[in-house]
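For reference, the chains in residue letters:
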Amino acid sequence: MNIYDIIGPVMVGPSSSHTAGAVRIGLLSRKLMDENIIKADIFLHGSFYATGKGHGTDLALVAGLLGMKEDDDRIPSSFHIAEELELQYSFSGIILRDVHPNSALLKLTGISGKYMEIIGSSLGGGRIMINQIDGLNVNFSGNYPTLIVHNIDEPGHIADVTAMLSHKSINIAQMQLYRDGRGGNAVMVIECDQEVPYESVKWLEKVEGVVKVSYLSLLD
Amino acid sequence: MFKSLSDIIKRIKKTGLPFWEIILEDDSYERQVPKEESWAKMKSLYHEMKLADASYDKNLRSASNLAGGDGAKVSEALEKGEILSGPFMGEVIAKALKMAESNACMKRIVAAPTGGSCGVIPAVLITCEEKLRFSEDKMIEAMFVAAGIGQVIAERAFISGAEGGCQAEIGSASSMAAGAISYLKGGDGNKIIHAAALALKSMLGSTCDPVAGLVEIPCIKRNVMGAVNAVACADMACAGIISRIPPDEVIDAMRETGLALPDSLRETGKGGLAQTKTGKEIKNSIWS
Ligand code: SF4
């Protein structure tokens, strides 16, 4: 943890885990969707479900999905803003397996019809982790520009992606690989030291065997 | 990144730099940013604290409708000269309550180290600035001192109630604040870390038992305890009192104590005040 995890973030209260962390989960999800969200079915797990309401966890998640940061004064009125911007949302409880007590599953539909399922956890002090995207495990904090590539598990795809990154002089800070079985669905999570250019992300989407590419940019 | 307070002291001895500058240098190295950038960030956090303090609204109430307005009552009593602990401590009490209430009412605050404990550090620092007229630079330096102590606590133990009970939140905040005040009072590195140790020691065993799971009862008033304790411990340390248990060992004891706390007393709402008759009634009335 750096000193600004200790003092900071500047946030709308009351809870760094249940409010600020929840906004961040929403915002990261919005960035991963990379388009306006029109429908969000939100499932709260554990302590998010048990005490989320009094902590504004619901308001905070919606605020994040609308693109707000954890210090946005409009968080308390995010439900009204969602109505104005025509974001439909719903909340229910859920029991998720093997996740942190402060977790939520978000089923999101974007304006183009794009659909994503994201599980995120709030770890305390406003720090978060995205644990799952579309049913596949991933684990990243959102502190780095992060490239998430869903592909068919067959030889060559990792090389395609890393070759592209090296061509663009992007340094890999951390890389994780997951798959649900040999030859099945696989996912690469690559946290980078630099931003990946938009056209490179688009190029990856067209590579054979690549099913889906999501990119988390830290730029506003 | 420092793993112990004694490592910070060693670095002070080796370089001759003050405590705050060692923390600033270390941050700039760890995050690979210029020192000016780190300084500017700390300055903006201090400004946010002052802004949050100034924009307290006594008419706001929290989600449960139980929190709000208390800080103003202390301010009123202060004006009437009715605060036994004097104008300095009275102001510390009022500010700690106000910030924690603002937090409960979904206003913008600075987590330090958490939202629940956000009142402790600004209550003592802003009061010091107002009453003792330190320069702004000196206040930012004190913020670095607090952050450096908090980082070691996070490294060796924890800073969240869910992990270690309230000693990890209000206790850590109090410890950080005590070190910062010692610095403002002219204390050297040893006085800083002993103030931090004395403050943390006094809070060992404090449980996290918020009523209805909300950051309101007892959190808001515990901010007062953390702040007042910090002032007393800084006074003790600067008077030459040391913690007989070395500061790093005190932090380790906080960790051990936190791990030994039952689940029911670590932010689950299943024990302590949350499980009192009234605590349960409040919970039922909110969630029904
Ligand atoms: S009781 Fe728990 S939630 Fe409240 S301030 Fe203490 S640690 Fe934080």
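Computed from a predicted structure; not experimentally measured.

Undergrad: Describe in detail the sheet that holds strand β7 (residues 136–140) of chain A, supporting the description with residues and values.
TA: Residues and elements named next belong to chain A. The strand order β3-β2-β4-β5-β6-β7 describes an open sheet built from six strands, whose pairing is mixed. Only two strands of the sheet have a single neighbouring strand rather than two, namely β3 (88–94) and β7. Within this sheet the neighbouring strands show an average axis-to-axis angle of 25°, counted without direction. Against the sheet, helix α2 (residues 16–33) makes contact with β2 (37–45), β4 (102–110), β5 (115–124), β6 (127–133) and β7, and its axis sits at roughly 150° relative to β5, the strand it touches most. Relative to the sheet, helix α4 (residues 57–65) contacts β2, β3 and β4, its axis offset from that of β2 by approximately 145°.

Undergrad: So what about a nonpolar patch on the surface? Which residues, and what values?
TA: All names here are of chain A. Taken together, the side chains of I158, I172, M175 and L177 make up a nonpolar region of the molecular surface, amounting to roughly 300 Å² of accessible area. At three residues, strand β9 (residues 172–179) tops the list of elements feeding residues into the nonpolar patch. When you line up the elements, I158 lands in helix α6 (residues 157–167).

Undergrad: Please provide a residue-by-residue account of the nonpolar core, values included.
TA: Judged by nonpolar contacts, the single largest core of 85 residues is most densely connected at B:L125 and B:F144. Ranked by residue count, the leading element in this core is helix α7 (residues 136–156) of chain B, at 12 residues. Formed by 39 residues, the second largest nonpolar core is a distinct cluster that contains A:A22, A:L32, A:M116 and A:I118.

Undergrad: So what's going on with the environment of A:E208? Which residues, and what values?
TA: Residues and elements named next belong to chain A. Position of E208 relative to the elements: it lies in the loop between α7 (198–206) and β11 (210–216). The exposure class assigned to E208 is exposed, which follows from its relative accessible area of 72%. A sequence separation of 51 residues divides E208 from H157, and the C-alpha atoms of the two residues are 8.7 Å apart.

Undergrad: So what about the UniProt feature "domain: ACT" (unreviewed entry) in chain A? Which residues, and what values?
TA: When the UniProt feature table is mapped onto this chain, "domain: ACT" (unreviewed entry) is found at residues 146–218 of chain A. The annotated region residues 146–218 of chain A carries 27% helix and 41% strand content, and the separation between its end C-alpha atoms amounts to 9 Å.

Undergrad: For the site of the ligand, give the residues involved together with the corresponding values.
TA: Residues and elements named next belong to chain B. By nearness alone, every residue bordering the ligand is listed as G116, G161, C166, E169, I170, C208, D209, C219 and R222. The pocket occupied by the ligand, as judged from atoms lying within 2 Å of grid points, is the second largest pocket. Sorting the residues of the shell around the ligand by element identifies α9 (166–184) and α11 (219–238) as the ones contributing at least two each. Top contributing element to the shell around the ligand by residue count: α9, with three residues. When its residues are assigned to classes, the shell around the ligand shows four nonpolar, two polar and three charged.

Undergrad: Quick one: what's the story with the packing of aromatic side chains, residue by residue and with numbers?
TA: All names here are of chain A. Enumeration over the complete set of coordinates arrives at five aromatic pairs over all chains. With 4.7 Å between their ring centres and 25° between their planes, F79 and Y89 make a pair best called stacked. In this pair, F79 is assigned in helix α5 (residues 78–84) and Y89 in strand β3, connecting sequence segments 10 residues apart. In this structure F79 comes out as partly exposed when scored by relative accessible area, which is 23%.

Undergrad: Explain the domain arrangement of chain A to me, and be specific about the residues and the numbers.
TA: All names here are of chain A. Considered domain by domain, chain A is made up of domain 1 (3–134) and domain 2 (146–216). Each of domain 1 and domain 2 has a C-alpha centre, and the two are 25 Å apart. The interface is formed by seven residues belonging to domain 1 together with six residues belonging to domain 2. The contact between domain 1 and domain 2 buries some 600 Å² in all, and 62% of this surface belongs to carbon and sulfur atoms. Seen at the junction of domain 1 and domain 2, the total is one salt bridge. Residue K212 is joined to D134 by a salt bridge in which the shortest nitrogen-to-oxygen separation is 2.5 Å.

Rules used in this analysis
- Residues numbered from 1 in each chain as written.
- Chains lettered and ligands numbered in written order.
- Predicted model: local features only at pLDDT ≥ 70, side-chain atom pairs only at ≥ 80, totals over all residues.
- Heavy atoms only, no water.
- Pairing = 2+ DSSP bridges.
- Helix = DSSP H or I, 4+ residues; strand = E, 2+ residues; numbered from the N terminus.
- Axes fitted to C-alpha atoms, helices over the stretch in contact; angles between N-to-C directions.
- Contact = heavy atoms within 4.5 Å.
- Patch = residues over 30% accessible without salt bridge, like charges linked within 9 Å, V, L, I, M, F, W, Y side chains within 5 Å.
- Areas by Shrake-Rupley, 256 points an atom, 1.4 Å probe, with all protein chains shown as cover.
- Salt bridge = Lys/Arg side-chain N within 4 Å of Asp/Glu carboxyl O.
- Core = buried A, V, L, I, M, F, W, Y, C linked by side-chain atoms within 4.5 Å.
- Buried < 20%, exposed > 50% of the residue type's maximum accessible area, 1.4 Å probe, protein only.
- UniProt positions renumbered as here; feature names shortened; annotations may be inferred.
- Near = heavy atom within 4 Å.
- 1 Å grid on protein atoms, 1.4 Å probe; cavity = no way out; pocket = protein on both sides within 12 Å on 5 of 7 lines; lining within 4 Å.
- Sits in = over half its atoms within 2 Å of the grid points.
- Nonpolar A, V, L, I, M, F, W, Y, C, P; charged D, E, K, R; others polar.
- Phe/Tyr/Trp six-rings, centres within 6.5 Å; stacked < 30°, edge-to-face > 60°.
- Domains from an automatic or database assignment.
- Buried area = accessible area lost by both parts, 1.4 Å probe.

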